[in-house]
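# Architecture and fold: a report
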Amino acid sequence: QVAFFGINNLVPCEEHMAIASLELRVNPFKKLYLSALAGMVESKDKFRDMLSDFNPDFYALGLQTAYNTALGPVKLDLHWNQVHKFGFYFSFGYDF
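Residues numbered from 1 in each chain as written. Predicted model: local features only at pLDDT ≥ 70, side-chain atom pairs only at ≥ 80, totals over all residues. Heavy atoms only, no water.

## Comments concerning the overall build of the protein chain
Quick note on the threshold: A run of H or I in DSSP counts as a helix once it spans at least four residues, and a run of E counts as a strand once it spans at least two, with each numbered from the N terminus. Only protein chains enter the calculation, and the probe is 1.4 Å; a residue is then buried if its accessible area is under 20% of its type maximum, exposed if over 50%, and partly exposed in between. Note on contacts: a residue pair qualifies if any of its non-hydrogen atoms lie within 4.5 Å across the two residues. Note on areas: Shrake-Rupley with a 1.4 Å probe; residue coverage comes only from the protein chains shown.
Each helix and strand in the protein chain was counted, giving 1 helix and 5 strands. In sequence order, the secondary structure elements of the protein chain are arranged as β-β-α-β-β-β. With the C-alpha coordinates aligned to their principal axes, the bounding extent of the protein chain is approximately 45 × 20 × 20 Å. With 96 residues in all, the protein chain has 29% of them scored as buried. For the protein chain, the proportion of contacts with a sequence separation of at least 24, taken over those separated by at least 6, is 39%. Summing over all exposed atoms, the protein chain offers an accessible surface of approximately 7000 Å²; the carbon and sulfur share of this is 61%.

Dropping the structure here:
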């Protein structure tokens, strides 16, 4: 299982997987963070196919707000990907 902001549920992947993401974050108040997100996921049966046949399974854009608490961050993100279209995700705690 791998955390990716643009997918809310479990998605089967091939043997090899690559994830790339970019997050631009601002901190307008002491414990509040606002982020703009962009990313992609690609999976292939063979590693060499990832380089020769680059075609992401998912690409996504999103906005996220997070608040740091003593037990970890509380996050809400709104996102879009080309397969599932729009979605949102609420989480509490750290990704691991």
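## Describing the sheet that holds strand E1 (residues 16-29)
Strand-to-strand pairing in sheets goes through backbone hydrogen bonds, with the strands running parallel or antiparallel. Condition: A pair of strands is considered paired only if DSSP assigns at least 2 bridges between the two. Note on definitions: angles span 0 to 180 degrees between N-to-C directions of axes, and those axes are lines fitted to C-alpha atoms, for helices only across the stretch in contact.
Strand order in the open sheet made by the 5 strands is E1-E2-E3-E4-E5, with antiparallel pairing throughout. Two strands bound the open sheet, and with one partner strand each, they are E1 and strand E5 (85-92). On average, each strand axis in the sheet is inclined to that of its neighbour by 20°, with strand direction left out of account. As paired strands, strand E2 (residues 32-44) and strand E3 (residues 58-69) are joined by 10 bridges and run antiparallel to one another. Residue pairing in the sheet places Val41 in a bridge with Phe58 of E3.

## With respect to the pattern of salt bridges
Pairing between side chains of opposite charge can happen when their charged atoms approach one another. Stated formally: The salt bridge definition used is simple: a Lys or Arg side-chain nitrogen within 4 Å of an Asp or Glu carboxyl oxygen.
A complete count under the given rule lists 3 salt bridges for this structure. The residue Arg25 makes a salt bridge to Glu23 at a minimum N-O spacing of 2.9 Å. Taking the relative accessible area as the measure of exposure, Arg25 reaches 51% and is therefore exposed. On the accessibility criterion, Glu23 (35% relative accessible area) is partly exposed. A salt bridge links Lys44 to Glu42, with the shortest nitrogen-to-oxygen separation between them at 3.6 Å. By relative accessible area, which is 14% here, Lys44 ends up buried. Among the ionic contacts, a cluster of salt bridges with common partners joins Glu42, Lys44 and Asp53.

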